[in-house]
Amino acid sequence: GILCNVNILHHREQPLFSAKAHVFQIDPVTKRNWIPASKHAVTVSFFYDASRSVYRIISVGGTKAIINSTITPNMTFTKTSQKFGQWADSRANTVYGLGFATEQQLQQFSEQFKEVKEAARLVREKSQEKFELMNAGLNIAAPQGLSDDRHSPPPLLCVNGPGEDKLFRSKSADIELTSTKEHVKKMLSEGSVCEVNMEAELYTLQESNAKLVSALHEANCSIEQWKKQLAEYQEETDRLREQVAELEAQSGGPASSEKRNEEPSSSVEEMEALIKAKDEEINTLQCKKSDFGELEKEREEVHKRMQELEEKNAELEQQVQKAEQTLASTRDARQLAENEVRKVIEVLDLKIFDLNDLRQSLAKLVDK
């Protein structure tokens, strides 16, 4: 029923906006982990269903409707990372997630979601106003064309032609093409899943690296300030020590009075206390300098890990490209084989027609 409605909507309406994305759904058990709903990037489109006056987000993968979400004014599309966004659908009792190839595509989808949500709000307000003006108990019947379409499934395309044509195909060729196609599909699915996992880990490492870079930048600025303060403290410490030495030299000579002897002793005690405070500040700055070295090592490790992930991602992309080329060549070979079979069928039809004419001529001769 859902797939039939989606197919009808595809035929009746043009999409308002479309984008390619990897589709995920929240795990219904844990409500934390994401489950891939598509093996590769699929088309996600916004549609307006005029018969029901609702906006929908629809995505179809093969013969399965991956997303069929009716947009309501209460929905919110949240960007959780640079290339990933999600929204909750209470009617479907799930949360959908979309992973885009670029930040620009995510931004465009988010803006379109806001526009469609605002349009859905306006449609709801208009329908409420109409409902208040109409009599109670008015039943709105579904359009006849739409109800008829629900009972008629979409036409199925026969890849090998009519049923009689299949008699002329080679069974070994069918088995070989089927096995090759399944192998290519398996490689594509495994490569796509690994690529999505690598991209997610790469995004996490990039965010961590950005945080570390900003922390290192702040640490560098702080170290420069600490160095300046340390130089100032050292200069002040040297100056205070010189003053202490002068005072000690003065206190060592013959004292003229008790008042003169008390003043240098108090000044020496103040100077010593100040020197101790400056020494403690110097030790604190040296400890912070050692913490900066640890941050630098951690940043280098993250950078190496990012390089390894980028290399693995490049290898996976090459494998996917090779698999796509193999699939394309297989399709071409299959198309050529089908063309040859059609030609043979046409020749056989002509021969059968000629034989039928000959049989009729011979029958007429026998009757005479």
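Given the structure is predicted, the values throughout are model-derived calculations rather than measurements.

Colleague: Describe the overall build of the protein chain, listing the residues and the values that go with them.
Modeller: Looking only at helices and strands, the protein chain features five helices and eight strands. Counting only residues that meet the buried cut, the protein chain has 26% of its 368 residues in that class. Surface exposure of the protein chain reaches about 26000 Å², of which carbon and sulfur atoms provide 52%.

Colleague: Go over a negative patch on the surface with me, naming the residues and quoting the values.
Modeller: On the surface, a cluster of negative charge is made up of Glu232, Glu235, Asp238, Glu242 and Glu246. When you line up the elements, glutamate 232 lands in helix H4 (residues 171-252).

Colleague: Outline the pattern of salt bridges, supporting the account with residue identities and numerical values.
Modeller: This structure, assessed with the given rule, holds six salt bridges. When the shortest N-O distance is used, the salt bridge between aspartate 49 and arginine 52 registers 3.2 Å. Among the salt bridges present, the one from glutamate 338 reaches arginine 334, with a minimum N-O distance of 3.8 Å. Of this pair, glutamate 338 and arginine 334 both sit in helix H5 (residues 258-367), four residues apart, roughly one helical turn. The network of salt bridges with common partners includes Asp49, Arg52 and Arg56.

Colleague: Tell me about the environment of glutamate 300, residues and numbers included.
Modeller: Position of glutamate 300 relative to the elements: it lies in helix H5. Expressed as a C-alpha distance, the spacing of glutamate 300 and asparagine 209, which sit 91 residues apart in the sequence, is 9.5 Å.

Colleague: So what's going on with unusual backbone geometry? Residues and values would help.
Modeller: Negative phi characterises most residues that are not glycine, and trans characterises most peptide bonds. Within the chain, lysine 31 stands out as a residue other than glycine whose phi angle is a positive 60°. Mapped onto the elements, lysine 31 comes out in the loop between strand E1 (17-26) and strand E2 (34-36).

Colleague: Describe a nonpolar patch on the surface, naming the residues involved and giving the relevant values.
Modeller: Taken together, the side chains of Leu355, Leu358, Leu362 and Leu365 present a nonpolar region at the surface, about 420 Å² in accessible area. Take leucine 355: it is sitting in helix H5. The class for leucine 355 is exposed, based on a relative accessible area of 56%.

Rules used throughout
Residues numbered from 1 in each chain as written. Predicted model: local features only at pLDDT ≥ 70, side-chain atom pairs only at ≥ 80, totals over all residues. Heavy atoms only, no water. Helix = DSSP H or I, 4+ residues; strand = E, 2+ residues; numbered from the N terminus. Buried < 20%, exposed > 50% of the residue type's maximum accessible area, 1.4 Å probe, protein only. Areas by Shrake-Rupley, 256 points an atom, 1.4 Å probe, with all protein chains shown as cover. Patch = residues over 30% accessible without salt bridge, like charges linked within 9 Å, V, L, I, M, F, W, Y side chains within 5 Å. Salt bridge = Lys/Arg side-chain N within 4 Å of Asp/Glu carboxyl O. Lys, Arg positive; Asp, Glu negative; His and termini not counted. Charge placed at Lys NZ, Arg CZ, Asp CG, Glu CD.

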